[in-house]
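A closer look at the structure
As a plain string of letters, each chain reads:
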Amino acid sequence: MSKTWRPATQLVHGGTLRSQYGETSEAIYLTQGFVYETSEAAEARFKGETDGYIYARYGSPTNDMFEKRMCMLEGAEDARATASGMAAVSAAILCQVKAGDHIVAARALFGSCRWVVETLAPKYGIECTLVDGRDLANWEKAIRPNTKVFFLESPTNPTLEVVDIAGVAKLANQVGAKVVVDNVFATPLFQKPLELGAHIVVYSATKHIDGQGRCLGGVVLADKAWIDENLHDYFRHTGPAMSPFNAWTLLKGIETLPLRVKQQTQNAAKIADFLAEQGKVAKVIYPGRKDHPQAAIIAKQMTGGSTLVAFELKGGKEAAFALQNALDIIKISNNLGDSKSLITHPATTTHKNLSEEARAELGISPGTVRLSAGIEDTDDLIEDFAKALAKVSA
């Protein structure tokens, strides 16, 4: 495969394996195990003396194609496909820490991500410090002699804060820690954390990579040495592997990723501008707007905006519910990155398990709403918002 291919070509052809039948579409190798011609061949395979597949929990040809295609897109040496995005996050963090180690994480995280570092990790003797990730000084102050991992999302869920990835990576390198970046909101098309100095990138492939509401999936990407030393055995023995069928579905989804994300981003940008002019909207946060609080960092590390828009209604929860309930095209859902436009009230769904104080720290008010723009006609979406806003009490 040519390394000079541009993303749109990589995502159609990258990593493709063909059987003796010469199929056009990638084959689904829906098998649990594999057979060996001789006992000696099986022994050699298990000893690592010969290449080949052993068990679908370790890897399969279909998963291998998906992993290789993601590596080409991300610029990573190696990857492991997981059953869900949270399986990817958990594996990326837990595979490299032990009791007595310390994690520094941005406090602005998806609810389940925050639970992993704030609640699960301490149960096993792993300390965690949450910081306001927007200020590099907070990361530096949180460093301890036992700090091993920095974890962040950028842009964040749901308020689209942006963290200086290169700055965090520089601090991590000074103390020998590894930076794990959840890059879902930027997509691999608009932000390359590895190029910015991060060590590990994770995705919920459920989102833009499938992008059509069909299946769950995740992926961890890093250099081969880190995966071999940290993730390989964790992955083999704890069993978070992706189903080959889901890998095949994601291969089909990733072919159209650039087309979908381009339209979704155009829609998000125009909707953000529309909402910013509405009297019932208190504020709009969108990475493509000049009034974004971290616009300078966005210009430095992102090549595009986002498919997501965060905004706050002046009427609080009552107004947010009224708006969502009045929408026609745009559907209420906790998912994102879909071809269909989806809207979410984080305080009562994705971030409901956080305390009211914690939500306030993150800028999640009762009136905060998160839009995931789809690929529908832009004017139809704006008209849908206009009609719904008309039904919201001033």
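Residues numbered from 1 in each chain as written. Predicted model: local features only at pLDDT ≥ 70, side-chain atom pairs only at ≥ 80, totals over all residues. Heavy atoms only, no water.

**Some words on the environment of arginine 214**
Considering the arrangement of structural elements, one finds arginine 214 in the loop between α9 (206-210) and β7 (218-222). By relative accessible area, which is 42% here, arginine 214 ends up partly exposed. Once the C-alpha coordinates of arginine 214 and leucine 250 are considered, the two residues, 36 residues apart in sequence, prove to be 9.0 Å apart. If we skip the residues at most four places from it in the chain, arginine 214 touches Thr249, Lys252 and Gly253. (Helix = DSSP H or I, 4+ residues; strand = E, 2+ residues; numbered from the N terminus. Buried < 20%, exposed > 50% of the residue type's maximum accessible area, 1.4 Å probe, protein only. Contact = heavy atoms within 4.5 Å.)

**Observations concerning a nonpolar patch on the surface**
A contiguous nonpolar patch, built from Ile28, Leu30 and Phe245 and spanning about 290 Å² of accessible area, is present on the exposed surface. The topology assignment puts isoleucine 28 in the loop between α1 (7-13) and α2 (39-46). For isoleucine 28, a relative accessible area of 33% puts it in the partly exposed group. (Patch = residues over 30% accessible without salt bridge, like charges linked within 9 Å, V, L, I, M, F, W, Y side chains within 5 Å. Areas by Shrake-Rupley, 256 points an atom, 1.4 Å probe, with all protein chains shown as cover. Salt bridge = Lys/Arg side-chain N within 4 Å of Asp/Glu carboxyl O.)

**What to know about the environment of proline 122**
Note on placement: proline 122 falls in helix α5 (residues 111-123). C-alpha separation for the pair proline 122 and alanine 99, spaced 23 residues apart in sequence, amounts to 8.5 Å.

**Comments concerning the pairing of strand β2 (residues 102-106)**
Counting buried residues along β2, 5 of its 5 residues qualify, which places the element largely inside the surrounding structure. Burial of the side chains of β2 extends over both faces: His102, Val104 and Ala106 are buried on one face and Ile103 and Ala105 on the other. With 5 bridges connecting them, β2 and strand β3 (residues 127-131) associate as parallel partners. Considered in β3, the bridge of valine 104 is made with threonine 129. In this fold, the crossover linking β2 to β3 by way of α5 has right-handed handedness. (Pairing = 2+ DSSP bridges. Right-handed = clockwise from strand over helix to strand, strands pointing away.)

**Side note on the domain arrangement of the chain**
Each assigned domain of the chain is listed with its residue range as follows: domain 1 (14-253) and domain 2 (256-391). The distance between the C-alpha centroids of domain 1 and domain 2 comes to 27 Å. Contact with domain 1, which involves 39 residues of that partner, is made by 40 residues of domain 2. Buried surface at the junction of domain 1 and domain 2, summed over both partners, amounts to about 3100 Å²; 60% is from carbon and sulfur atoms. The largest contributions to the domain 1 side of the interface with domain 2 come from Leu160, Phe190 and His208, which together make up 23% of the buried area. Across the domain 1-domain 2 interface, the total number found is 1 salt bridge. As a salt-bridge pair, lysine 300 and aspartate 164 come within 3.2 Å of each other at their nearest N and O atoms. Across the contact surface, domain 1 and domain 2 share 21 residue pairs in polar contact (both at pLDDT 80 or more). Counting only elements with at least two residues in the side of domain 1 that touches domain 2, the list comes to α5, α7 (165-175), α8 (187-190), α9 and α11 (244-254). When grouped by side-chain class, the residues that make up the side of domain 1 that touches domain 2 number 19 nonpolar, 12 polar and 8 charged. (Domains from an automatic or database assignment. Buried area = accessible area lost by both parts, 1.4 Å probe. Polar contact = N/O pair within 3.5 Å; in protein donor to acceptor, adjacent residues only side chain to side chain. Nonpolar A, V, L, I, M, F, W, Y, C, P; charged D, E, K, R; others polar.)

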